[in-house]
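# Observations on the three-dimensional arrangement
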Amino acid sequence: MKINIKFDYTFICKAVLHEQLEALGLEYKLNNLGEVEFQKKLSALEIENVKEAFNKYGIEILANPQNVLVERIKDVITELISDPEKSRKYNVSSYLADELNYSYAHLSSVFSEITYSSIENFIILKKIDLAKHLIIHKDFTLTEIAHQLNYSSVAHLSAQFKKTTGLTPSAFQRIIKKRQEIE
């Protein structure tokens, strides 16, 4: 027997962080996803204990400020794309600059230097991942998905989907439906 489940990654991550930091007896504050502020300076042993506790869950402490900024860029983009109202209201470059207090040119430069890819490419990949999720888990039409992801048309969504996955959204839907029928 199989069941389908949905993950709220933000909730899971916050719960793991809370659970692990409480177990270590540290006073902290979760500022935003990807940032923990401690009430006091941690000793080397405490930092090592935190690293060990986090590593069990695939959570890594970032030391390089540029890596931290790239993760924040990814988090802000994911948050923006996941909120249809917000993504229609804001231009990505302006939103990133406002949220992270850096010029878009600087953010783009750091992102490209660290990831060897552009912010625009990351946005496309995230949108296609979300489109796949909506195709698999929701009963939306391609028109509704294109609208939710702020594409100008279904044709634009389809072109990016095919370029990224090698399949049209319709072919992807058929494969998913066949797979669900078999299960």
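Residues numbered from 1 in each chain as written. Predicted model: local features only at pLDDT ≥ 70, side-chain atom pairs only at ≥ 80, totals over all residues. Heavy atoms only, no water.

### Description of the environment of E19
Test applied: Put simply, DSSP H or I for four residues or longer makes a helix, DSSP E for two residues or longer makes a strand, and each gets a number counted from the N terminus. For the exposure calls, accessible area comes from a 1.4 Å probe over protein chains only, and a residue counts as buried if that area is under 20% of its type's maximum, exposed if over 50%, partly exposed in between.
Here E19 shows up in helix 1 (residues 9-23). What makes E19 partly exposed here is its relative accessible area of 45%. Residues E19 and A53, spaced 34 residues apart in sequence, show a C-alpha to C-alpha distance of 9.8 Å.

### Observations regarding the nonpolar core
Stated precisely, the cut-off is as follows: Definition of nonpolar core: a set of buried residues of the types Ala, Val, Leu, Ile, Met, Phe, Trp, Tyr and Cys, connected through side-chain atoms within 4.5 Å. Residue contacts follow a heavy-atom distance rule, with two residues in contact if any of their heavy atoms lie within 4.5 Å.
Formed by 30 residues in total, the largest nonpolar core has its most connected members in I73, I77, L96, I119 and I145. Those elements giving two or more residues to this core turn out to be helix 3 (65-82), helix 5 (92-100), helix 6 (104-115), helix 7 (119-137), helix 8 (142-148), helix 9 (154-165) and helix 10 (169-182). Top contributing element to this core by residue count: helix 7, with 8 residues. Every residue in contact with I73, bar those within four places of it in the chain, is listed here: L96, L100, L107, F111 and I119.

### Some points on helix 1
To keep things clear, this is the line we draw: Under the convention used throughout, the expected extent of a helix is 1.5 Å for every residue step, that is, one less than its residue count. Throughout, the arc means the angular range of directions from the helix axis out to the C-beta atoms.
Look at helix 1: 21 Å from first C-alpha to last across 15 residues, which is about the 21 Å you get at 1.5 Å a residue. Those residues of helix 1 not exposed but buried are V16, L17, Q20 and L21. Here the buried residues of helix 1 occupy an arc of 115° about the axis, which is enough to place them on one side. Residues of helix 1 that are exposed and angled more than 90 degrees away from the buried face: F11 and A23. In the stretch just after helix 1, G25 is the one whose phi turns positive, near 70°.

### Here's the deal with the packing of helix 6 against helix 7
How two helices sit against one another is set out by the angle between their axes and by the gap between those axes. Note the following rule: Axes here refer to lines fitted to C-alpha atoms; in helices the fit is confined to the stretch in contact. Angles between the N-to-C directions go from 0 to 180 degrees. For classification purposes, an angle smaller than 35 degrees is called roughly parallel, one larger than 145 roughly antiparallel, one from 65 to 115 roughly perpendicular, and anything else oblique. Polar here means any residue outside two lists: the nonpolar Ala, Val, Leu, Ile, Met, Phe, Trp, Tyr, Cys and Pro, and the charged Asp, Glu, Lys and Arg; Gly therefore counts as polar.
Where helix 6 meets helix 7, the axes come as close as 9 Å, and the angle between the chain directions of the two elements is 75°. Put simply, helix 6 runs roughly perpendicular to helix 7. Of the residues in helix 7, those in contact with Y104, L107, S108 and F111 of helix 6 are I119, E120 and F122. Among the residues forming the contact of helix 6 with helix 7, the class breakdown is 5 nonpolar, 1 polar and 1 charged.

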